[in-house]
Every structure is written in structure tokens, then in C-alpha cells.
Amino acid sequence: MSMDKTIGSTVKHQQQLKIGYKKQMKTCLRSPSWGLVLLCATFAFTVTITVVVWTTDLIKIALNENMGIENNTAGYDIWSNPPIYPIVQVYLFNYTNADAFAKGIDKKLRVQEVGPYVYREYTEKVNIVFHDNGTVSYQGKSSFSFVPELSVGHQPRHERVIMPNIPLLSALSVMKDNFLLAQIAFLAVARGLEAEQFVRVTAHDFMWGYDDPLFSAAATMGHAMPYKKFGILASRVGVRKDTVTMYTGKRNLQKLGMVTRFNGQERLRHWSGECNRIDGTDGTMFPPNLLDRNTTIYIFQGNMCRRLPLQYTEDAVILGGIPVLRYRVPRNTFDNPDVNPENACFCHQDVESCLPSGLFNASPCTFGAPVVMSFPHFYLGDPALQEIVDGLNPDPEKHDGYIDIHQELGVSLGGRSRLQFNMMVRKPSALNQLADFADGSVLPIAWFDTSVEDLPKEILSVVYHVTFTTRRVEKIMQYVLLAVSCALLYVLVRRFRNSRSPASNSDAGIVAPI
Ligand SMILES: *[C@@H]1O[C@H](CO)[C@@H](O)[C@H](O)[C@H]1NC(C)=O
Ligand SMILES: *[C@@H]1O[C@H](CO)[C@@H](O)[C@H](O)[C@H]1NC(C)=O
Ligand SMILES: *[C@@H]1O[C@H](CO)[C@@H](O)[C@H](O)[C@H]1NC(C)=O
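Source: prediction; values computed, not measured.

Caption draft 1: How the structure looks around a nonpolar patch on the surface. On the surface, a nonpolar cluster with roughly 240 Å² of combined accessible area is contributed by Ile476, Val480 and Val484. Note on placement: valine 484 falls in helix 11 (residues 457-500).

Caption draft 2: Layout of the site of ligand 3. In the neighbourhood of ligand 3, the contacting residues comprise His131, Asn133, Thr135, Tyr247, Thr260 and Arg261. One of the side-chain N or O atoms of asparagine 133 is found 2.4 Å from an oxygen atom in ligand 3. Taking arginine 261, its side chain carries an N or O atom lying 2.9 Å from an oxygen atom of ligand 3. Contact with the protein chains hides 55% of the accessible area of ligand 3, taken as 360 Å² for the molecule alone.

Caption draft 3: Structural view of the packing of aromatic side chains. The tally for this structure, following the rule as stated, stands at 21 aromatic pairs. Ring centres of phenylalanine 101 and phenylalanine 437 lie 6.1 Å apart, and the angle between their planes is 20 degrees; this geometry places the pair in the stacked category. Of this pair, phenylalanine 101 sits in helix 5 (residues 98-102) while phenylalanine 437 sits in the loop between strand 15 (412-424) and strand 16 (442-452), and the two are 336 residues apart along the sequence. A centroid spacing of 6.4 Å and a plane angle of 15 degrees characterise the contact between phenylalanine 206 and tyrosine 210, whose relative ring orientation is stacked. Phenylalanine 206 gets classed as buried once you look at its relative accessible area, which sits at 0%. Sitting over the face of the ring of phenylalanine 360, arginine 306 holds its NZ or CZ atom 4.7 Å from the ring centroid. Between the NZ or CZ atom of arginine 326 and the centre of the ring of tyrosine 402, over which it lies, the distance is 4.3 Å.

How each quantity is defined
Residues numbered from 1 in each chain as written. Chains lettered and ligands numbered in written order. Predicted model: local features only at pLDDT ≥ 70, side-chain atom pairs only at ≥ 80, totals over all residues. Heavy atoms only, no water. Patch = residues over 30% accessible without salt bridge, like charges linked within 9 Å, V, L, I, M, F, W, Y side chains within 5 Å. Areas by Shrake-Rupley, 256 points an atom, 1.4 Å probe, with all protein chains shown as cover. Salt bridge = Lys/Arg side-chain N within 4 Å of Asp/Glu carboxyl O. Helix = DSSP H or I, 4+ residues; strand = E, 2+ residues; numbered from the N terminus. Near = heavy atom within 4 Å. Polar contact = N/O pair within 3.5 Å; in protein donor to acceptor, adjacent residues only side chain to side chain. Phe/Tyr/Trp six-rings, centres within 6.5 Å; stacked < 30°, edge-to-face > 60°. Buried < 20%, exposed > 50% of the residue type's maximum accessible area, 1.4 Å probe, protein only. Lys NZ or Arg CZ within 6 Å of the ring centre and 35° of its normal.

This is the structure we're talking about:
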């Protein structure tokens, strides 16, 4: 309401200024006194500046000029070596009745969530190459350090867990699509290596790597395994294998940070149709023009081989007064195509092969391992998923995520991403004796809660300045200029009256149209 009023009065002011301006300019041109000329020139100049300042968003223009990734700038340093250290909390699902299940005493598996084991992630971008077309390519690189004070008494190097044997489940899944002869050969190998359906290792090794005979055997047989040991987070340490190409946003803020190529490819090849689209940013920044509360924005998740949508849900105020837009992954993101038809293109062969609501089949992009992603504890998933194992308690408080974005700067100022990693059981009947898990069941393995809460001072000060100081300065400047214009107009009118008062008749002739 008050906004409309201000705009209305501004327009009126501008109209008045314009009328006065025309009149005075005409007067100026007809009375060649140097003092008056100077006054007229100053007036014209001030009015021009005032109109510009009132009608354009100078801050936006300044941001346009200064955002974007460019070599040898402060922004480049923050982008390539972010002073932001996400906190990764890892929860594992310990299979507490593994023995009773193997003996057939317990028909249903029981899990107990253990953790969190908390790590701080250090990221950087390496092998950075700028291209002429306004894009830049890089590979991500990460390292992790344990944060004991946030791990509330958990010691991952000493706590032992009982987990499904992931390399075995992966091999079984690959064998399911193989010839019977290969399956029988594999049975001999697996028996020789004494592969069990469960592994008993420390939490630390399960995350970061343990010697697995099957995994090493696969590696020596020439399978492209980039890691020597098997661990569910091992692939996140060091330089990522994928090369990402994104727009720098330089002179084209509309595309700031948008990923345009993944490993040089314009589209993915794992799915069909729209699902192969490479779109969205890495989640740290977004083109500000997309942040209008109605547009769905995307994060490109290389490790899931897809983009994840984000929708605005509410306004929020964080960090002592900074207004942000809060976005969430829509609740139907992992729904079955019957419920969310947009997901049909993620089904591998046909719609029948689609998983129940709440699951995302990532196996086409994980070396054939039957990896299935979901929200933690199958939150928002098909109730049937709760029947597979006991011990899951979906809870929106603990298992929902969000991201907070600054509308003008387009940078993320905080948020939580919460995703669960599961294994699907796919086994050929000839290999039934290697695992008791029911074919087609989905076994929860771990879930990750990644959050950013502490921002470094250099980023915060930019955010505070844009949000408060700069806006205030802009407003003050607008009113000061308006006041100066009015004062000049007043002075001009006074002077004009004084010098022309005896000849007011000819004055009428000047103003009247021909
Ligand atoms: C996992 O379960 C086993 C079997 O119940 C138990 O001995 C072990 O202490 C559990 N691990 C943790 C970290 O709670
Ligand atoms: C950035 O510029 C420096 C020299 O100013 C150069 O050595 C370096 O290779 C450039 N980096 C990129 C990624 O282009
Ligand atoms: C930009 O140039 C790079 C290097 O030549 C190329 O790989 C990439 O596909 C180009 N991107 C676009 C959007 O044209």
C-alpha cells in the first residue's frame, strides 16, 4: 500500500519536474546571462541524474557488473576455494538381528540408526579452464575431517556395525542379467572368497573404506573401479571423476552458475526425454532473475545423474535479520509416475519397471550397483516400504530439507540436504543361497544430513551491505537529489521572475503554443 503511494507520488514529482524543466529550459535559451546559463546547466544535469536514480535499480546494475566468475577476482577465490565448510552428518542403519535372520529365526530384518558421525567437508575446484563462450570447466575435490564435538560421543573407529554386503549385492545384480554359466562360475568365486551377506566392520571403515575380497577381485578383473577399498563415502574423497561445465554469469547474469555440460555431454544418457536434461546450478548460487517465488529452480546432482527441483515455500529471516527465500525439494519428487507423471522418463525400460513412490533408482549411473536414493527413513515414501525392515521412523522434523537463498544476490546462505542411500536386492534364482534377502526388497544403508550454517565474514559482510547499507544509501541519494532539483527549480523560478517581471506579456507569448 505505502509502496504504491510512494511510486504514485514519485511519478507526480517526475511529471512536475518535467513541466518545470521544459519551461525553465526555454527561458534559459532565451536569456544569455552566464550566471543563468550555469544555473540552467546545473539544473538540467541534476534533473537528469535524479530521473536516472529514481527510475533505475543501480544496485542491480552494479551487481550485474560484478557478479560472475572471472579469473583473478575476489569472487573467483571464493568460488574456487570456498571458505564454507559443510557439515556432513552420517547415520548408518545397523542390522541388529542379522544372525537371527540368517538362521531363519527372525523373518523380518531389524535396523537401528546409529550416529551421527559428523565430518566437516573441505571443497575446492581443480583443473579449472575458462572457455571463450562464457563457460568454465572444473572438477570438484573434497576432503573430510572428523568433528568429535558434534558426534556426541560416537567414535567411528571403535564402533562396529553389521551392514549388508554391498559389493556382493552389486555383483548379484550384475549377474541377474548374465548367462547361467556365468552365474555358476560366480557362485564358485563368491564361495571361494567366503562372501557373506552381511559385513561386520567399524563405522569408520564402512564409510571410508575396508578391504573387501569381492571388490578387490572385481578391481583386478579389470572393472573400472577408481578406489582400492570399498566404502560408501570413498568416492567422495579426492578429485571427482566428473568434469562440470557451467556458465560464469559474466555479462549474462541470467545464467550464473548454470551447468551446461557434464563430462562434455550436452545431455545425460542414463534416462529418456526430459530426464536427461542438464540444468540447474551446483546449489551454491542461482541466477537472481529466477528467484521470483513462482519459478522452479534446479540443482544438478552429478552423483545422482539428475537435476533435483526446488520450489519456494516461504519467506524466512536468518543470521540476525537477513530476509531469504526458503526453497524445498517438492514432496512428489521421488513419486511413482502414476502419481507424478514427470518421473516416467526415469524408469529404465518401461513404466512397470518403476519403483514404488519414495524411491529413485540411481543404478544406471553407479557402475551397475543397484543404488536407490530416498528421503531419510523413507519419509514421504510408499507405506509398503516400512514393511521391509523394522526400526524406521519417518519424521518431517528430522528428515525434511530446505535451502535459503538471498533473492538479489542469488547465493545460498544456508540449508540442509537430507538423502538416504539404499541398496535394492536383485538376485538370480541360481544364486539364492548367497543371500537370504527377498528379491526386490530395498535395504536402507545410510543417510546423510549436509548443512551449511556458518558463513565466513567476507561473504556475510557483502550480504549485509547489499541488504541494508547499500539500499539505504540508494534511498538517501534519491531523496537528496530530488531535494536538490527542487531547490534549483525554486532558485531558477525566483531569478526568472526577478529578471522578467516587467515584460511578463512577452513571457506569455513564449509559453503559449503557436
Ligand atoms: C550394532 O549391532 C550389533 C548387534 O546388535 C551390536 O553389537 C553393535 O554394538 C551395534 N553397533 C552400534 C554402533 O551400536
Ligand atoms: C588465471 O590467471 C593467471 C595469471 O594471471 C594464470 O596463470 C592462470 O592460469 C589463470 N587461471 C585460469 C583458470 O585461467
Ligand atoms: C563452450 O566452449 C567449450 C570449449 O570449447 C565447449 O566444450 C562447450 O560445449 C561450449 N559451450 C556452449 C554452451 O557452447
